[in-house]
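Spelled out, the chains give:
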Amino acid sequence: MTCDEARILLHALIDNELDAGHAREVEAHIAGCPACAAELAAQRDMQRVLADTDLRYTAPASLRARIEASMPQPQRLQPTRRSVLRGFAMGSAVSALAASGVVAVVLRQDDQQRILSEVVSAHLRSLQAGHLTDVISTDQHTVKPWFNGKLDVAPPVIDLTAQGFTLVGGRLDYIDARAIGAVVYRRRQHVINLFVSQTSSTEHRPPKTQTMQGFNCRRWGDRGLNFWAVSDLGADELAEFVDKFGAAMKVNVEG
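Not measured: the values here are computed from a predicted model.

> How should the overall build of the protein chain be read in this particular structure?
Across its full length, the protein chain holds seven helices and seven strands. Going from the N terminus to the C terminus, the protein chain shows its helices and strands as α-α-α-α-α-β-α-β-β-β-β-β-β-α. Here the protein chain, with 255 residues, has 35% of them falling under the buried criterion. Intrachain contacts of the protein chain at a sequence separation of at least 6 include 59% that bridge at least 24 residues. For the protein chain, the accessible surface area stands at approximately 15500 Å², while carbon and sulfur atoms represent 55% of it.

Put into structure tokens, the structure is as follows:
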């Protein structure tokens, strides 16, 4: 494991978010690398300082009393037998409709969380030595053709070096039990995996950022493709990457 790979995983190690295999690899590297050991010690010192700092603020009980006193008091009406029966019937119908909708939403959210977990796991696997790329090149005209014939739809590969995000290469990965393309970029020492898969939906879904195991993941959909950009970059820099990628992709399509 190189210093670059170890430093990417230091935050996850400190927060006990690595599996046993990755934790052992990082700890073995740190044991023989004074620079990474010093970085780990500094991050742990920062963690202890933040843990010992009391940032909690408790609102006084008098504030709750003032808020409750300022709220209008509801009028209590004696219900009739007919109004009770009518309310029960309407409530049952609404509950049935709401329940079916809630179940659908919960299932969709569970599915999205499962796929997010798979995406983050694939990102972690790629950080192991020799797993980051199947084709290594900073030339988009080398990386994009490499995917031809390996996937139903080759992912868009865009050179963003001038915008501060260097193209590293690409590889095949597996998400949701199917092969998808992963285009790899770097921002300083940070790796960005851009996973791309085909979807039947052509609607545009705006980017949304989620965090899992210490990594930021920005997901969006466009032109029949699903995108997941994953990195330990800050959420603002990852959003910058997605914005620049989306703008360049739009220019390429319209051009």
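Moving on, there is more to tell.
> Looking at this structure, I do not really get the packing of aromatic side chains. What am I missing?
Aromatic ring pairs are defined here through the distance separating the ring centres and the angle between the ring planes. If you walk through the whole model with that rule in mind, you get seven aromatic pairs. Taken together, a centroid distance of 5.1 Å and an interplanar angle of 80° make the contact between W146 and F147 edge-to-face. Its relative accessible area of 21% is what places W146 among the partly exposed residues. By relative accessible area, F147 is classed as buried at 0%. Ring pairing ties together the aromatic residues F165, Y185, W220, F227, F241 and F245, which thus form one cluster. Positioned above the aromatic ring of W146 is the side chain of K150, whose terminal nitrogen or guanidinium carbon lies 4.4 Å from the ring centre. A cation over an aromatic ring shows up here: R187 above the ring of F165, its NZ or CZ 4.3 Å from the ring centre.

> Can you help me understand the confidence of the model for the protein chain in this one?
Atomic detail in the predicted coordinates should be set aside for any region of low pLDDT. In this model, the protein chain carries an average pLDDT of 81, and 81% of its residues clear a pLDDT of 70 or more. Here helix α5 (residues 81-126) stands out as the least confident element of the protein chain, with mean pLDDT 65; strand β7 (residues 225-231) is the most confident, with 94. Across residues 102-107 the pLDDT falls below 50, and counting only partners more than four positions away or on other chains, this stretch makes zero contacts in the model.

> Just to check I follow, could you spell out helix α1 (residues 3-14) for this structure?
Because the α-helix completes a turn every 3.6 residues, residues three or four places apart line up on one side. Taking 1.5 Å per residue as the helical rise, α1 with its twelve residues ought to reach 16 Å, and the 16 Å between its terminal C-alpha atoms agrees with that figure. Residues of α1 that are buried include every one of E5, A6, I8, L9, L10, A12, L13 and I14, and no others. Residue N16 follows α1 closely and has a positive phi angle near 55°.

> How should unusual backbone geometry be read in this particular structure?
In most cases, non-glycine residues show a negative phi, while peptide bonds are predominantly trans. In this structure, D176 is a non-glycine residue whose phi angle is positive, near 55°. Take D176: it is sitting in the loop between β2 (166-175) and β3 (178-187). On the basis of relative accessibility, which here comes to 33%, the residue D176 falls in the partly exposed class. Residue R188 is not a glycine yet carries a positive backbone phi of 55°. Assignment of secondary structure puts R188 in the loop between β3 and β4 (190-198).

> Quick question: what am I supposed to make of the side chain of Q43 here?
With respect to the helices and strands, Q43 occurs in helix α3 (residues 34-52). Side-chain polar atoms of Q43 contact the side chain of E39, separated by 2.9 Å. Ignoring sequence-local partners within four residues, the contact set of Q43 consists of L10, H11 and I14.

> Looking at this structure, I do not really get the side chain of D222. What am I missing?
The topology assignment puts D222 in strand β6 (residues 215-222). Side chain to side chain, D222 and R223 meet in a polar contact 2.7 Å long. When residues no more than four places from it in sequence are discounted, the contact partners of D222 are E203, H204 and F227.

> Could you clarify how one ought to interpret the pattern of salt bridges in this entry?
Side-chain pairs of opposite charge can arise where the charged atoms are in close proximity. Tallied over the full model, the rule gives eight salt bridges. In this structure, the salt-bridge partner of D173 is R125, at a minimum N-O distance of 3.1 Å. Of this pair, D173 sits in strand β2 while R125 sits in helix α5, and the two are 48 residues apart along the sequence. Residue classification places D173 among the buried residues on the basis of a relative accessible area of 8%. The class of R125 is partly exposed, set by a relative accessible area of 38%. Put simply, R187, R188, E237 and E240 are held in one network by salt bridges that share partners.

Cut-offs applied
- Residues numbered from 1 in each chain as written.
- Predicted model: local features only at pLDDT ≥ 70, side-chain atom pairs only at ≥ 80, totals over all residues.
- Heavy atoms only, no water.
- Helix = DSSP H or I, 4+ residues; strand = E, 2+ residues; numbered from the N terminus.
- Buried < 20%, exposed > 50% of the residue type's maximum accessible area, 1.4 Å probe, protein only.
- Contact = heavy atoms within 4.5 Å.
- Areas by Shrake-Rupley, 256 points an atom, 1.4 Å probe, with all protein chains shown as cover.
- Phe/Tyr/Trp six-rings, centres within 6.5 Å; stacked < 30°, edge-to-face > 60°.
- Lys NZ or Arg CZ within 6 Å of the ring centre and 35° of its normal.
- pLDDT = per-residue confidence, 0-100.
- Expected span 1.5 Å × (residues − 1).
- Polar contact = N/O pair within 3.5 Å; in protein donor to acceptor, adjacent residues only side chain to side chain.
- Salt bridge = Lys/Arg side-chain N within 4 Å of Asp/Glu carboxyl O.

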